[in-house]
Amino acid sequence: MPHINRKPFVGGNWKMNTNATDGLALVEAVADGIGNDSVDVAVYPPFVYLRDIASKAQGSNLVVGAQDCWYEAKGAFTGEVSTEMLTDCRVGSVLTGHSERRHVIGESDELVNLKTKAGIAAGLVTVLCVGETLDQREAGQTDAVNETQIRSGLADVGEGSLGLVVIAYEPVWAIGTGKTATPEDAQNAHATIRALIALMYSQQAANAIRIIYGGSMKPGNANELMAMPDIDGGLIGGAALTPGDFLAIIQAGAAQTA
Ligand code: PEP
């Protein structure tokens, strides 16, 4: 049986898109459409809309998450948002180390680790994003980059906390480009990541952790990607902004559990 009973996880990263009105309409459509809870579903709206959107999603199976967080509880960190502020707004999940934070904003592995630990400490489902650039891929460094980002991202994270962690493998060259890793290439990367978790923690931890794929996942390719034994769901950017597409991807996740 594929996926060793891991519950699929599908996240929708809205990035810096929507407005107050469109965001509420989008979350309503998703919350109404997800149906049963055979898939864990989360959406990641912009910070400023989180409180309203989380209120709108209350009572549904949908988790509302943040695209980033800061690692200190409070203080002189102009422009930043703490995990306490997130939980205060009924946020249940956070992304850390998204490639746009790493490569556009310039976040280091050390900062990603601090944010990952803060997310876990706050009880948030913490989605640690990793993945190689095109240059790194062409240089044959995919597995080495993933290993570095995972070892540093999870530094000082104990096995007992891994239940709150989801790893998102997102090849940078596939994000927002319309290019998708082949299911076989993605599966290879996921299997290597799972073997690394076994090495760092235990085989039990490796069997349990969800490793999801991100990079131009859409209704037309979600099934074949998620059918791979080590691909436990998806992190979706562009297609998460259209309820029908996002719901179809969730359905592809649900089909893996049938
Ligand atoms: C993402 O932002 O994590 C992502 C995978 O984006 P897209 O689906 O648009 O490639």
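Conventions and cut-offs
Residues numbered from 1 in each chain as written. Predicted model: local features only at pLDDT ≥ 70, side-chain atom pairs only at ≥ 80, totals over all residues. Heavy atoms only, no water. Near = heavy atom within 4 Å. Polar contact = N/O pair within 3.5 Å; in protein donor to acceptor, adjacent residues only side chain to side chain. Areas by Shrake-Rupley, 256 points an atom, 1.4 Å probe, with all protein chains shown as cover. Nonpolar A, V, L, I, M, F, W, Y, C, P; charged D, E, K, R; others polar. Salt bridge = Lys/Arg side-chain N within 4 Å of Asp/Glu carboxyl O. Buried < 20%, exposed > 50% of the residue type's maximum accessible area, 1.4 Å probe, protein only. Phe/Tyr/Trp six-rings, centres within 6.5 Å; stacked < 30°, edge-to-face > 60°. Helix = DSSP H or I, 4+ residues; strand = E, 2+ residues; numbered from the N terminus. Contact = heavy atoms within 4.5 Å.

A.B. asks: Explanation requested: the site of the ligand in the structure shown.
C.D. replies: Taken together, 14 residues lie near the ligand, and K15, E170, G176, S216 and G237 sit nearest. In this structure, K15 approaches the ligand through a side-chain N or O atom, which is 2.7 Å from an oxygen atom. Burial of the ligand by the protein chains amounts to 96% of its free accessible area of 290 Å². Partitioned by chemical class, the residues of the shell around the ligand number four nonpolar, eight polar and two charged.

A.B. asks: What am I meant to see in the pattern of salt bridges here?
C.D. replies: A side chain of one charge can pair with a side chain of the opposite charge if their charged atoms are brought near each other. Within the structure shown, the criterion is met by 17 salt bridges. For the salt bridge of R137 with E132, the shortest nitrogen-to-oxygen distance reads 2.6 Å. Judged by its relative accessible area of 23%, R137 falls in the partly exposed class.

A.B. asks: Quick question: what am I supposed to make of the packing of aromatic side chains here?
C.D. replies: How two aromatic rings sit relative to each other is given by the distance of their centres and the angle of their planes. Under the definition given, this model contains three aromatic pairs. When the ring of W70 is compared with that of F77, the centres are 5.8 Å apart and the planes differ by 40°; the resulting orientation is tilted. Counting every residue linked through ring pairs, the aromatic cluster contains W70, Y71 and F77.

A.B. asks: Help me understand the side chain of N221 in this model?
C.D. replies: Relative to the helices and strands, N221 is located in helix α10 (residues 219-226). Engagement of the side chain of N221 in a polar contact is seen with the side chain of T180, the distance being 3.2 Å. When residues no more than four places from it in sequence are discounted, the contact partners of N221 are T180 and S216.

A.B. asks: When you look at the environment of S99 in this model, what are you seeing that I'm missing?
C.D. replies: Positionally, S99 belongs in helix α4 (residues 99-105). Sequence-wise, S99 and E72 are 27 residues apart; in three dimensions their C-alpha atoms are separated by 22 Å. What S99 contacts, discounting residues up to four positions off in sequence, is V104, V172 and I175.

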